[in-house]
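This is what each chain is made of:
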Amino acid sequence: MGKLICDSTTSSPVIPWREPTSSPSIDLMDPGDLVDQSSAATWEKVSGLEDQQRRSLLRLHDKGVLWKHPGDRSHAVVFRLSHGGDVEADGNCLFTASQRAMGAKVGGAGELRRRTVRRFLEDLRSVGEEERKAIDAAIRHMYFPDLRSGWGVHVVQEVKLLANKQDREESIYKERCIAVDDGSSWAKYMSISGSPVDLHDIITLQYTEDGLLTVDENREGHAAAFGDDIALECLATEFKREIYVVQAHGSDAMVDEDNCIFFLPHRPRSQICDPPFFLFMKGTGAVAGTVAPSGNESPLQRLKDVLLSGTSLEECKDAARFDISKDNSTVSITVVGASGDLAKKKIFPALFALYYEDCLPEHFTIFGYARSKMTDAELRNMVSQTLTCRIDKRENCTEKMELFLKRCFYHSGQYDSLDNFAELDKKLKEHEDGRVSNRIFYLSIPPNIFVDAVKCASLSASSANGWTRVIVEKPFGRDSESSAALTKDLKQYLEEDQIFRIDHYLGKELVENLSVLRFSNLIFEPLWSRQYIRSVQLIFSEDFGTEGRGGYFDHYGIIRDIMQNHLLQILALFAMETPVSLDAEDIRNEKVKVLRSMRPLKLEDTVPQGSLTPTFAAAALFIDNARWEGVPFLMKAGKALHDKRTEIRVQFRHVPGNLYKRNFGPDLDDATNELVIRVQPDEAIYLTINNKVPGLGMKLDRSNLNLLYAARYSKEIPDAYERLLLDAIEGERRLFIRSDELDAAWALFTPLLKELEEKNIIPEYYPYGSRSPVGVHYLAARHNVKWGDLDLEQ
Ligand SMILES: NC(=O)C1=CN([C@@H]2O[C@H](COP(=O)(O)OP(=O)(O)OC[C@H]3O[C@@H](n4cnc5c(N)ncnc54)[C@H](OP(=O)(O)O)[C@@H]3O)[C@@H](O)[C@H]2O)C=CC1
Ligand SMILES: O=C1O[C@H](COP(=O)(O)O)[C@@H](O)[C@H](O)[C@H]1O
């Protein structure tokens, strides 16, 4: 028995996914047919490996590893084991690595942990008395060894106890804790992911032969239960595949070079339906490496990892190219409302960009669906008007466009006709050609017909053997009630995890980068609170009016159009506590907490004083929690202003007892440090600091430490819709809005919107092209700050 304490990532197989009901359908390859995976990282650059480990892994990489299906040994697959990226040894690593290995379709690391425990409990209930006793004994041996009856080979032995979080106020007595010594306590233990929602904390007692050595009380509750052999077996059973832990032992383990790599198989209790995956675990040191099966990672997953790590799409193209042809599934994307503005402007161009980058699966089809009568050729002609290639990607552009357009088809139908959707279903099936069918319906239609379209798509055109997902465009209602009604109606036909509510601002590069900036740089996170931050400003402006969407806009206004969604989402991401992991659910849990901690909005805290301008609004928002109490989050959004920009501006407090006070003049605000995250245009992150002007005197000026993306990165930034479409195809929900997030966002704005409308408040006018209505200055002044973007020096 062992615990997976330092592991690594693998990736999901290209070998076709099994039909859940059928016998193993693993695509079998000739043992000699070793897929060349030139883009996969080998072991040369993995840090923390001893030379002999590295040499062995390189040899293994070159030779490949032959895997035979235990049920039918004549069938075999050769895997090339490559380094697939590190995972953090934070206690969740078994689940994080497995999640990466299997791809997004299995849920996040948290979900894998829950499924593991569920599987364990189900299996435990079904075993006989004898086996149950054996399981209890194995658990006791691992976590609650009887130290009086002998000592193992280790100098230090550990005993694990669980403390109920509710009792943590008091001193912890061993008597009040739960010993991890049987199946039911193991399930409690293995549910602990080190997050605030855990029910128990892990207490570790370390003993030597001389007695108690240390007590780790884990007061902050950050310790998570490491995956162990039992968890590995449960995971294997749950997913009907073997899991190999690949261990590299070092010179300290008295093994020779030929034997320093071990494969520890974990077999499912059930039938094997999928090929195995490999988790690399380094025996010594702290650095984790990865074993990736040759050609085993889905192209999309590889692309996601590349996107997440911020490297170029060029790399994702390389990564994706090698294996997609072996995938036996299809993805059909139906753009419902294909004749409309959004479809032409954003959705088709984003799909083409993904196609150009080789990021769509090999077998994909795009259908346009709308009432307008159009032939396939006419749709292609319409779509071709808005396709563009990136400036840095012109090669074969025309050729690629033609190939892409050939994959686009059109079906004309009503949004509320089950028959018309059944006709679409028939056409989709023809294109899917018997493969596993996965379908996305992108609702690019006015909201009043969302439910009709979802009903018909779900009843007449959902996939029979794969997944069906629906992307929904805002507006998600006009207020709490209509939003809840929409969610309820959609859920008549869809599960929550089939609904992808899009907020395209979450797909913007700099918004995606917010968490990276904050959580992967030591210098920012300690400053990220009321202690150092004086105000946060979220600014949206456009230098044009409602441009052809006047009808929609009249009904919704700027608060619903921009503030309640785009700016509030950015605020939640900005202000959330550190999530347990980057899993969709962990991040969305933290965002919801922020939204629910927000102080109700008051009319006097909006602009202009007690009035609402339909195309411009500003508000001061507050988060009543320990981190942000008293810090104004100023928001403003407007159309028809003097420029187009979206920015997050973080203004820091004054330096206490500033020695250079005199050099700044009477207004210390002029010396405020400001961190600006410019989402668009001209993406940039810059920090305004005070600096000495070179020379013999002591003159100070304000200068920027400037990261201008265009200067630093040569690649064009992908459009937000590309990232989001790719996520929807992958089943990655991190950047989509969960229903409780939506409820919380509406709960914040609905009372204010109602008051504004009931009181029929007259808007304050501002000239087209101006900077803003005058009232915004009063609003900021009331909270003792200035708008960073209205500083004339900007
Ligand atoms: N355009 C944009 O920039 C943005 C749009 N959105 C949202 O995306 C969705 C699509 O936007 P957009 O493309 O601008 O919308 P459109 O108004 O262009 O509508 C899309 C299509 O829906 C059909 N349609 C329009 N009105 C009706 C109606 N009353 N009854 C039935 N069908 C109708 C039309 O197709 P046909 O007549 O051929 O059936 C039309 O081509 C909307 O929910 C919008 O709020 C969100 C953010 C930005
Ligand atoms: O959702 C919307 O966003 C656009 C602005 O999006 P951007 O990506 O061009 O910044 C806005 O014009 C529109 O009113 C709103 O509905």
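Within any chain, residue numbers begin from 1 and follow the written order of that chain's sequence. Each chain is given a letter, starting from A, and each ligand a number, starting from 1, according to the order in which they appear as written. The predicted nature of this model means local features are confined to residues of pLDDT at least 70 and side-chain atom pairs, given and counted, to a pLDDT of 80 or more, with totals for whole chains, interfaces and linings taken over all residues. As a rule here, side-chain values come from all non-hydrogen atoms in the structure, and water together with hydrogens is ignored.

- An unreviewed UniProt entry annotates the protein as glucose-6-phosphate dehydrogenase (NADP(+)) originating from Actinidia rufa.
- UniProt positions are given in the numbering used here, feature names are shortened, and annotations may be inferred rather than shown by experiment. UniProt, in the comment section headed Pathway (unreviewed entry), describes the protein in these words: "Carbohydrate degradation; pentose phosphate pathway; D-ribulose 5-phosphate from D-glucose 6-phosphate (oxidative stage): step 1/3."
- Per UniProt, the protein has the following entry under Sequence similarities (unreviewed entry): "Belongs to the glucose-6-phosphate dehydrogenase family."

**Here we look at the site of ligand 1**
For step 1, the next point in the chain: The environment of ligand 1 is made up of 19 residues, and the closest members are S339, L342, S372, Y415 and I445.
For step 2, the next point in the chain: Pairs of N or O atoms are called polar contacts if they sit within 3.5 Å, as long as, within protein, a hydrogen donor faces a hydrogen acceptor (for residues adjacent in sequence, only side-chain-to-side-chain pairs). Measuring from an oxygen atom of ligand 1, one finds a side-chain N or O atom of S339 at 2.7 Å.
For step 3, the next point in the chain: In the environment of ligand 1, a nitrogen atom lies 2.8 Å from a nitrogen or oxygen atom belonging to the side chain of D341.
For step 4, the next point in the chain: In these tables, accessible area is a Shrake-Rupley quantity obtained with a 1.4 Å probe, and a residue counts as shielded only by the protein chains included in the view. In isolation ligand 1 exposes 860 Å². Once the protein is present, 76% of that is buried.
For step 5, the next point in the chain: Numbering of helices and strands runs from the N terminus; a helix is a DSSP stretch of H or I covering at least four residues, while a strand is a stretch of E covering at least two. Looking at which element gives the most residues to the shell around ligand 1, the answer is helix 9 (residues 341–356), with three residues. Proximity criterion: a residue is near a molecule or strand once any of its heavy atoms comes within 4 Å of it.

**Description of the sheet that holds strand 12 (residues 329–336)**
For step 1, the next point in the chain: Only strands that DSSP links by at least two bridges are regarded as paired with each other. Spatial strand order, 14-13-12-15-16-17-26: seven strands in an open sheet with mixed pairing. Two strands close off the open sheet at either side, each with one partner strand: strand 14 (408–412) and strand 26 (736–737).
For step 2, the next point in the chain: In this analysis, two residues are considered to be in contact whenever any of their non-hydrogen atoms come within 4.5 Å of each other. Axis geometry follows a simple rule: fit a line to the C-alpha atoms, using only the stretch in contact for helices, then measure angles between N-to-C directions, giving values from 0 to 180 degrees. The strands that helix 10 (residues 376–384) touches are strand 13 (364–370) and strand 14; relative to strand 14, the one it contacts most, it runs at about 120 degrees.
For step 3, the next point in the chain: Relative to the sheet, helix 13 (residues 450–461) contacts strand 12, strand 15 (436–443) and strand 16 (468–472), its axis offset from that of strand 15 by approximately 170 degrees.

**Description of helix 11 (residues 397–406)**
For step 1, the next point in the chain: Residue burial is assigned from relative accessible area. The probe radius is 1.4 Å, only protein chains are included, and a residue is buried under 20% of its type maximum, exposed over 50%, and partly exposed in between. Where helix 11 is concerned, the buried positions are C397, K400, M401, F404 and L405. Summarising the axial view, the buried residues of helix 11 lie within an arc of 135 degrees, below the 170-degree limit, and thus occupy one face. Turned more than 90 degrees away from the buried face of helix 11 sit T398 and K406, all of them exposed.
For step 2, the next point in the chain: Of the surrounding elements, those touching the buried residues of helix 11 are helix 9, strand 13, helix 10 and strand 14. This arc is taken over the directions from the axis of the helix to the C-beta atoms.

**A look at the sheet that holds strand 5 (residues 178–179)**
For step 1, the next point in the chain: Ordered in space as 5-4-6-7, the four strands form an open sheet in which the pairing is antiparallel. Both outer strands of the open sheet, strand 5 and strand 7 (211–216), are each paired with one neighbouring strand and no more.
For step 2, the next point in the chain: As paired elements, strand 4 (residues 157–164) and strand 5 share two bridges and run antiparallel to each other. If you follow L162 over to strand 5, its bridge partner there is I178.

**Observations regarding the packing of helix 2 (residues 93–102) against helix 3 (residues 109–126)**
For step 1, the next point in the chain: Contact geometry of helix 2 with helix 3 gives a least axis separation of 8 Å together with a crossing angle of 105 degrees. It follows from the interaxial angle that helix 2 and helix 3 lie roughly perpendicular. Contacts between helix 2 and helix 3 involve F95, T96, S98, Q99 and M102 on the former and, on the latter, A109, L112, R113 and T116.
For step 2, the next point in the chain: Partitioning the contact of helix 2 with helix 3 into residue classes produces four nonpolar, four polar and one charged. Roughly parallel means an angle under 35 degrees; roughly antiparallel means over 145; roughly perpendicular covers 65 to 115; every other angle is labelled oblique. Basically, the charged four are Asp, Glu, Lys and Arg, the nonpolar ten are Ala, Val, Leu, Ile, Met, Phe, Trp, Tyr, Cys and Pro, and anything else, Gly included, counts as polar.

**Focus: the side chain of K639**
For step 1, the next point in the chain: Considering the arrangement of structural elements, one finds K639 in the loop between strand 21 (633–638) and strand 22 (645–652).
For step 2, the next point in the chain: In contact with K639, other than residues within four places in its own chain, are E542, F544, G545, T546, F553, I558, D561, T615 and Y766.

**Notes on the packing of aromatic side chains**
Working definition: an aromatic ring pair is given by the centre-to-centre distance plus the angle between the planes.
For step 1, the next point in the chain: The pairing test for Phe, Tyr and Trp rings, Trp by its six-membered ring, is centres within 6.5 Å, and the orientation test on the planes gives stacked under 30 degrees, edge-to-face over 60, and tilted for anything in between. Applying the stated criterion across every chain yields a total of 21 aromatic pairs.
For step 2, the next point in the chain: Taking the centre distance of 5.6 Å and the plane angle of 55 degrees together, the rings of Y355 and F364 count as tilted. Here the two residues Y355 and F364 agree in accessibility, since each one is buried.
For step 3, the next point in the chain: Here F500 and F736 contribute two aromatic rings whose centre-to-centre distance is 5.0 Å and whose plane-to-plane angle is 80 degrees, an arrangement assigned as edge-to-face. Of this pair, F500 sits in strand 17 (residues 499–502) while F736 sits in strand 26, placing them 236 residues apart in sequence.
For step 4, the next point in the chain: Residue classification places F736 among the buried residues on the basis of a relative accessible area of 1%.
For step 5, the next point in the chain: Over the ring of F409 we find R380, and its NZ or CZ is 5.1 Å from the ring centre.
For step 6, the next point in the chain: Charge-over-ring contacts are defined here by two conditions on Lys NZ or Arg CZ: a distance within 6 Å of the ring centre and an angle within 35 degrees of the ring normal. K636 extends its terminal NZ or CZ atom over the ring of W787, reaching a point 4.4 Å from the ring centre.

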